[in-house]
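Here is what each chain is made of, one letter per residue.
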Number of protein chains: 2
Amino acid sequence: MTRCGVGVVDGAPGQPLRMVGVGVVRTPAEEEVPRRLLAIEQGLESWLDAHRPDIVAIERVFAQHNVRTVMGTAQASAVAMLCATRRGLPVVLHTPSEVKAAVTGSGRADKAQVTAMVTRLLRLDAPPKPADAADALALSICHIWRGSASAKLAAALAGTTSSVRPARPARKEYRA
Amino acid sequence: MTRCGVGVVDGAPGQPLRMVGVGVVRTPAEEEVPRRLLAIEQGLESWLDAHRPDIVAIERVFAQHNVRTVMGTAQASAVAMLCATRRGLPVVLHTPSEVKAAVTGSGRADKAQVTAMVTRLLRLDAPPKPADAADALALSICHIWRGSASAKLAAALAGTTSSVRPARPARKEYRA
């Protein structure tokens, strides 16, 4: 809820990936939840307007984490889902483990590993900033690669793809 | 997420309450979450369009419940918060215990007690239907009564009030 990472990646399985954009939608912790959700909606709408992705990927929220955090994350991801679905964009969810496994080969990779691989896979000169948006880019990459395994997503990838990782850090968008 | 109760109540502290509307926004359990959230948004927007409440009250989601349920509830309530905040309507949250205590005198009252008191307080000929929307009406009544205790809400109540109880059952709206 405080920092919702956003990443936009162009790519398709077997082709080079290209980072189109990366950033964070921030909301002030002292603000009340309804206003924060509205700010997240406005922030995500700006990203969607600017990049017009074909698909939005969102981090799947997990129950086993701290419950307060989970609720904020669930609410932020609900906003991301709404923004995408209102535009008729397909929404796909990936777990943090799926994302880590996709970009590092290990579902238990640490943040440094994920950032290193995101930097390499997107052929960036330096790690993406803000640092916590690297997760959003990783989610995008995961989606482009995993999406290709599914017929549903394969069809969607024929167009463009986008993904979102709300709550703690990241939301991402890709284009295929 | 499956049944989001909605109640609309006109009232002010010390004055008779009047039920304006009651219902449930339903979404099919087999549908994917993003589409269900969109359906909830559309359903709540229709209620807001039809009744133009001054305030929206939403059930505060709790962590200690079943975590899967909590996440769906958190997401549905996020949608309700967004719908209200986008219209510039104040949003207030009340816990289930606050609601039960407000209408029955006990924070641990059972469903039958809550329904009986809602029926009495709104001077209905029969318990409100659908049954699980009684909670939404109880939330509305709680809000009208408790709201008056707070200066912030008192100011808001000078206009009109509305409340929402999403997720399991109920969302409600009141007018003061």
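Residues numbered from 1 in each chain as written. Chains lettered and ligands numbered in written order. Predicted model: local features only at pLDDT ≥ 70, side-chain atom pairs only at ≥ 80, totals over all residues. Heavy atoms only, no water.

Looking at an unreviewed UniProt entry, one finds chain A named Crossover junction endodeoxyribonuclease RuvC and attributed to Kitasatospora kifunensis. Word for word, the UniProt comment on chain A under Subcellular location (unreviewed entry) is "Cytoplasm". Here chain A is described in UniProt, under the heading Catalytic activity (unreviewed entry), as follows: "Endonucleolytic cleavage at a junction such as a reciprocal single-stranded crossover between two homologous DNA duplexes (Holliday junction)." (UniProt positions renumbered as here; feature names shortened; annotations may be inferred.)

Caption draft 1: Here's a closer look at the interface of chain A and chain B. With 24 residues of chain A in contact, the opposing surface of chain B contributes 24 residues. Taken together, both faces of the contact between chain A and chain B bury some 2,000 Å²; the carbon and sulfur share is 75%. When the buried surface of chain A facing chain B is broken down by residue, Pro34(A), Met71(A) and Leu82(A) rank first, second and third, together holding 25% of it. Counting across the chain A and chain B interface gives two salt bridges. Its salt-bridge partner being Arg86(B), residue Glu41(A) comes within 2.5 Å of it at the nearest N-O pair. Viewed at the interface, chain B and chain A are joined by six residue pairs in polar contact (both at pLDDT 80 or more). Ranked by residue count, the leading element in the side of chain A that touches chain B is helix H2 (residues 67-86) of chain A, at twelve residues. Classifying every residue of the side of chain A that touches chain B gives 16 nonpolar, three polar and five charged. (Contact = heavy atoms within 4.5 Å. Buried area = accessible area lost by both parts, 1.4 Å probe. Salt bridge = Lys/Arg side-chain N within 4 Å of Asp/Glu carboxyl O. Polar contact = N/O pair within 3.5 Å; in protein donor to acceptor, adjacent residues only side chain to side chain. Helix = DSSP H or I, 4+ residues; strand = E, 2+ residues; numbered from the N terminus. Nonpolar A, V, L, I, M, F, W, Y, C, P; charged D, E, K, R; others polar.)

Caption draft 2: Spotlight on the UniProt feature "binding site: Mg(2+) 2" (unreviewed entry) in chain A. Residues and elements named next belong to chain A. The positions that UniProt labels "binding site: Mg(2+) 2" (unreviewed entry) are, in the present scheme, Glu59. Here Glu59 lies in strand S3 (residues 55-59). Take Glu59: its relative accessible area is 12%, and that puts it in the buried class. (Buried < 20%, exposed > 50% of the residue type's maximum accessible area, 1.4 Å probe, protein only.)

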